[in-house]
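Geometric and topological summary
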Amino acid sequence: MESPSLAASRVDFYGFLDRMRRPAAAGLFRSIKSFLASLSLDAEEDGARVQAFYAAMEAAFREHPLWANATHQEIDHALEGLEKYVMTKLFDRTFAASPEDAAADAEVSERIGLLQRFVRPQHLDIPKVLHNEASWLLAVKELQKINSFKSPRDKLLCVMSCCQVINNLLLNVSMSNDRTPSGADEFLPILIYITIKANPPHLHSNLKFVQLFRRETKLVSEVEYYLTNLISAKMFIVNVDGRSLSMEENEFQMHMETAKLGTQICAASLSSPQGSATSTRGLQKQTDTQGSRFPFMDSETESLTAAELKQLHGLYRQVVTRYASLSKALRKLFIDEDQLLASVDDDSSTDVKMLARDGIG
Amino acid sequence: MGCSSSLPASNAGGIGNINNDNSATDSKNLKLKLVLLGDSGVGKSCIVLRFVRGQFDPTSKVTVGASFLSQVLALEDSTTVKFEIWDTAGQERYAALAPLYYRGAGAAIVVYDITSEESLNKAQYWVKELQKHGSQDMIMALVGNKADLHEKRTVSSQDAQEYADRNNMFFVETSAKTADNINQLFEEIAKRLPRPTPPS
Ligand SMILES: Nc1nc2c(ncn2[C@@H]2O[C@H](COP(=O)(O)OP(=O)(O)OP(=O)(O)O)[C@@H](O)[C@H]2O)c(=O)[nH]1
Ligand SMILES: [Mg+2]
């Protein structure tokens, strides 16, 4: 299904192409071609040059006979067409083109992949009345579309549709519960949660692309506000810690470790038996080194002082919490815990993989 | 929740048109990005809603979200000011994100709650932040909200006024609940806006 605004954006585009094919447009078309050929390969710099080019072309359109007596809106449509044409042509050279951008994309997406495994709405204090799986799913889908378009405007439309779904939800809830329509304090946490759920591909690069190449005069007001919210959701995610998810830092770390473990098992079970064997060995090494962090393993029970017992109790609690969340994570992966433990016991790491693969497959 | 009872009547239009024209500001029609800062629960969202609703004009395009709102204010000198109000989330965990929001803002309203000393400390933190990272000519207002709760007051208006004076801020106490001083707050900000000098 295509949203009306996306359809409209197509009309603009074809109208623009049509005009560009007319003999009268030959001169304009030549300037576009030569501009496209002239770009350097530095995103920031290109951004400034593309913006300057939009402005120059706007002036050229206004003075051109093809747009004689054109309304402000008609010129605007032509400029939308121009943006789409230019950026589609430049897409491969400007989108996620640098190794740094690719690395940032991978980092964000990996982090979200881990967060997805344990972050729940309550970690962001999203009130129960705003839990609405259907709306959230819709918002997720809208946001994920961001990577299916090449023009900055179309990408931005995906952000706006996602935010609109959230706002509709907030509005409906406030109307039906006679509540104050909520502000940023309810909007932002939901957007963050949606972003985690969606893990939109190339989030970093998509945001950067829109900021650099969307016509400056259009990145204002409401559009700018909602784009800023997504940028800030990304920043929140990149810097997330225990405190920002309403939990103790060590609990957060534990969740992240468990999530990593889950990812490893998942990845291992999907890769070749050999590859998976190595990754499990790595995992066991970790267990061993952790073992040495637990004192009292060789102590006599009778010789423990009260203070030591207290310490031991603390450690016991830690072990139980870890174990509980680990087995929960494993259950999610449909892996049989006893078999896993047994296979760790007899030190044959390949068995674990086999089991994991069987379990998942 | 509950600084209000009802919603603006007609705002079903959806998020503002992405093509919405950034109608050029001229010397008679000004536009202002205004950001709201302050601790969680001091009443930021309620202040904006009160301002926007109080002068609700069915012909103006009021948008669905309550986190971005715009409102046009007509002044006596026949200029109009279009406020574009950026609400921010007040919880501590979002504090680091604030610079993304106040960048490029022409005005900031820093809100505290007159019944909470702690919220004034938080407001002072925001003032320092804005002085360090905000634009030089940003208009800043210090607002003591929930003035209707005077029997629970813990922050004296004199202290707040002195602090505001020292920091070149405009100070007012408001109540989003009774609408007290809400319009005055925005009018005062509008008056302080630098007028573009007409081309000579
Ligand atoms: N008595 C009184 N209560 C108020 C007033 N303004 C807001 N409140 C109440 O204070 C609470 C918080 O108001 P909000 O506007 O949501 O606060 P906020 O600053 O936006 O908070 P965050 O969005 O969490 O940062 C609500 O329950 C309001 O009803 C006021 O002027 N007087
Ligand atoms: Mg609020």
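Residues numbered from 1 in each chain as written. Chains lettered and ligands numbered in written order. Predicted model: local features only at pLDDT ≥ 70, side-chain atom pairs only at ≥ 80, totals over all residues. Heavy atoms only, no water.

The name that an unreviewed UniProt entry assigns to chain A is VPS9 domain-containing protein, with the source organism given as Lolium multiflorum.

Description of the confidence of the model for chain B
Residue and element names in this part refer to chain B. Just so we agree on the cut-off: For every residue, the predictor assigns a confidence score, pLDDT, that lies between 0 and 100. Whether two residues touch is decided by their heavy atoms; if any such pair falls within 4.5 Å, the residues are in contact.
Within chain B, residue pLDDT values average 84, and 80% of them lie at 70 or more. Note on residues 5–14: pLDDT is under 50 here. Beyond four places in sequence and across chains, it has 19 contacts. Counting contacts from residues 55–63, a segment whose pLDDT is below 50, to residues more than four positions away or on other chains yields 21 contacts.

Concerning the coordination of the magnesium ion (ligand 2)
Each donor-metal-donor angle would ideally measure 109.5 degrees in four-coordinate tetrahedral geometry, or 90 or 180 degrees in six-coordinate octahedral geometry. Our working definition: Each metal site is built from N, O and S donor atoms within 2.8 Å (3.2 Å for Na, K and Ca), and since water is not included, such sites may look incomplete. Secondary structure elements are defined from DSSP: runs of H or I of at least 4 residues count as helices, runs of E of at least 2 residues count as strands, and each element is numbered from the N terminus.
Listed as protein donors to the magnesium ion (ligand 2) are Asp 185 of chain A (OD) and Ser 45 of chain B (OG); their distances from the metal cover 2.0 to 2.7 Å. Highlighted residues: Asp 185 of chain A in helix H8 (residues 184–198) and Ser 45 of chain B in helix H1 (residues 44–54), drawn from two different chains.

Some remarks on the domain arrangement of chain A
Often, the extent of an interface is quoted as the loss of accessible area on bringing the components together. Residues and elements named next belong to chain A. The criterion, for reference: What marks off one domain from the next here is an automatic or database domain assignment. Joining two parts hides part of their accessible area as seen by a 1.4 Å probe, and the buried area is that hidden amount summed over both. Put simply, a salt bridge is a Lys or Arg side-chain nitrogen that is within 4 Å of an Asp or Glu carboxyl oxygen. Identification of polar contacts relies on pairs of N or O atoms within 3.5 Å, with a donor-acceptor requirement for protein atoms, meaning one able to donate a hydrogen and the other able to accept it, and with residues adjacent in sequence counted only if both atoms are side-chain atoms. Amino acids outside the nonpolar list (Ala, Val, Leu, Ile, Met, Phe, Trp, Tyr, Cys, Pro) and the charged list (Asp, Glu, Lys, Arg) are all regarded as polar, and Gly is one of them.
By the assigned domains, chain A splits into domain 1 (2–94), domain 2 (99–239) and domain 3 (249–270 + 281–360). Every contact between the two is made by six residues of domain 2 and, on the other side, ten residues of domain 3. When domain 2 packs against domain 3, the two sides together hide about 700 Å² of surface, and 69% of this comes from carbon and sulfur. Scanning the region where domain 2 abuts domain 3 turns up zero salt bridges. Along the contact surface separating domain 2 from domain 3 lie zero residue pairs in polar contact (both at pLDDT 80 or more). Among the residues making up the side of domain 2 that touches domain 3, the classes are represented as three nonpolar, no polar and three charged.

Here's the deal with a negative patch on the surface
Residue and element names in this part refer to chain B. To keep it simple, the criterion reads: Without a salt bridge and with relative accessible area above 30%, a residue can belong to a patch; like charges are then joined within 9 Å and nonpolar side chains (Val, Leu, Ile, Met, Phe, Trp, Tyr) within 5 Å. For the area figures, the Shrake-Rupley method with a 1.4 Å probe applies, and any residue is considered shielded solely by the protein chains shown. Positive charges come from Lys and Arg alone, negative charges from Asp and Glu alone, with His and the N- and C-terminal ends not counted. A charge is said to be at NZ when it belongs to Lys, at CZ for Arg, at CG for Asp and at CD for Glu. Exposure is judged per residue with a 1.4 Å probe applied to protein chains only, and the accessible area is read against the type maximum: over 50% gives exposed, under 20% gives buried, and values in between give partly exposed.
A cluster of acidic residues, Glu 117, Asp 159, Glu 162 and Asp 165, forms a negative patch at the surface. With three residues, helix H4 (residues 157–166) is the single largest residue contributor to the negative patch. If you trace the backbone, Asp 165 turns up in helix H4. On the basis of relative accessible area, Asp 165 is assigned to the partly exposed category, the value being 48%.

Examining the site of ligand 1
Put simply, the rule reads: When we say a residue is near a molecule or strand, we mean one of its heavy atoms is within 4 Å of it.
The environment of ligand 1 is formed by 20 residues, the closest being Asp 185 of chain A together with Ser 40, Lys 44, Asp 148 and Ala 176 of chain B. More than a single chain frames ligand 1: its nearby residues are located in chains A and B. Note that an oxygen atom of ligand 1 is positioned 2.8 Å from one of the backbone N or O atoms of Gly 41 of chain B. A total of 650 Å² of accessible area belongs to ligand 1 in isolation, and the protein chains cover 87% of it. When residues of the shell around ligand 1 are assigned to their parent elements, the largest contribution, three residues, is made by H1 of chain B. A breakdown of the residues in the shell around ligand 1 according to their chemical character gives six nonpolar, eight polar and six charged.

Describing the pattern of salt bridges
Per the stated rule, a full pass over the model turns up 20 salt bridges over all chains. A salt bridge links Asp 76 of chain A to Arg 215 of chain A, with the nearest nitrogen and oxygen atoms 3.0 Å apart. Of this pair, Asp 76 of chain A sits in helix H4 (residues 72–94) while Arg 215 of chain A is found in the loop between helix H9 (203–213) and helix H10 (221–238), placing the two residues 139 residues apart along the sequence. Each of the two residues, Asp 76 of chain A as well as Arg 215 of chain A, counts as buried. Here Asp 125 of chain A ties to Arg 93 of chain B by a salt bridge, and the two come within 2.6 Å at their closest N and O atoms. Of the two residues, Asp 125 of chain A sits in the loop between helix H5 (99–116) and helix H6 (133–144) while Arg 93 of chain B sits in the loop between strand S3 (80–86) and helix H2 (98–102), which places them in two different chains. Judged by its relative accessible area of 42%, Asp 125 of chain A is partly exposed. Exposure remark for Arg 93 of chain B: the relative accessible area of 12% places this residue in the buried category. Ionic contacts of the salt-bridge type, sharing partners, join the residues Asp 76, Glu 80, Glu 83, Arg 153, Arg 214, Arg 215 and Lys 218 of chain A into one network.

Concerning the side chain of Thr 258 of chain A
Residues and elements named next belong to chain A. Inspection of the secondary structure assignment puts Thr 258 in helix H11 (residues 249–270). A residue is classified by how much of its surface remains accessible, and Thr 258, at 13% relative accessible area, is buried. Within the local environment of Thr 258, its side chain forms a polar contact with the backbone oxygen of Met 254, the two atoms lying 2.7 Å apart. When neighbours within four sequence positions are excluded, Thr 258 is seen to be in contact with Ser 325, Leu 326 and Ala 329.

A few points about the packing of aromatic side chains
Residues and elements named next belong to chain A. As a reminder, the rule being used: A pair of Phe, Tyr and Trp rings is counted when the ring centres sit within 6.5 Å of each other, with Trp represented by its six-membered ring. The angle between the planes then sorts it: under 30 degrees is stacked, over 60 is edge-to-face, the rest tilted.
A complete count under the given rule lists 23 aromatic pairs over all chains for this structure. Look at Phe 16 and Phe 61: their rings are 6.4 Å apart centre to centre, the planes differ by 55 degrees, and that puts the pair in the tilted class. With Phe 16 in helix H1 (residues 4–21) and Phe 61 in helix H3 (residues 43–63), this residue pair connects regions lying 45 residues apart in the sequence. By relative accessible area, Phe 16 is classed as buried at 3%. Judged by its relative accessible area of 0%, Phe 61 falls in the buried class.

A short note on the sheet that holds strand S1 (residues 29–38) of chain B
Paired through backbone hydrogen bonds, the strands of a sheet run either parallel or antiparallel to each other. All names here are of chain B. Basically, it comes down to this: Two strands make a pair as long as DSSP finds a minimum of two bridges between them. Comment: axis = line fitted to C-alpha atoms, over the contacting stretch for helices; angle = value between 0 and 180 degrees taken between N-to-C directions.
Taken together, six strands build an open sheet; the order of strands is S2-S3-S1-S4-S5-S6 and the sheet is mixed. Single-partner strands in this sheet number two, and they are strand S2 (68–74) and strand S6 (170–173). Strand-to-strand twist of the sheet, defined as the mean angle between neighbouring strand axes without regard to direction, takes the value 25 degrees. Taken together, the seven bridges between strand S4 (residues 107–113) and strand S5 (residues 139–145) define a ladder with parallel strand orientation. Following the sheet pairing, Ile 109 is matched in S5 by Ala 141. Together, S4, S5 and S6 form the strand contacts of H4, whose direction differs from that of S6 by roughly 160 degrees.

Re H10 of chain A
What sets the pattern is the α-helix's 3.6 residues per turn: residues three or four places apart point alike. Heads up, the rule is: To estimate the expected span of a helix, count its residues, drop one, and scale the result by 1.5 Å.
With 18 residues, H10 of chain A extends 26 Å between its outermost C-alpha atoms, agreeing within 8% with the 26 Å of an ideal straight helix rising 1.5 Å per residue. Most of H10 of chain A sits out of view: 15 of its 18 residues are buried.

As for the environment of Val 143 of chain B
Residue and element names in this part refer to chain B. Mapped onto the fold, Val 143 is located in strand S5. Taking the C-alpha atoms as reference points, Val 143 and Val 172, 29 residues apart in sequence, are found 5.2 Å from one another. Dropping the residues within four chain positions of it, Val 143 is found in contact with Ile 47, Ile 109, Val 110, Val 111, Tyr 112, Val 172, Thr 174 and Leu 185.

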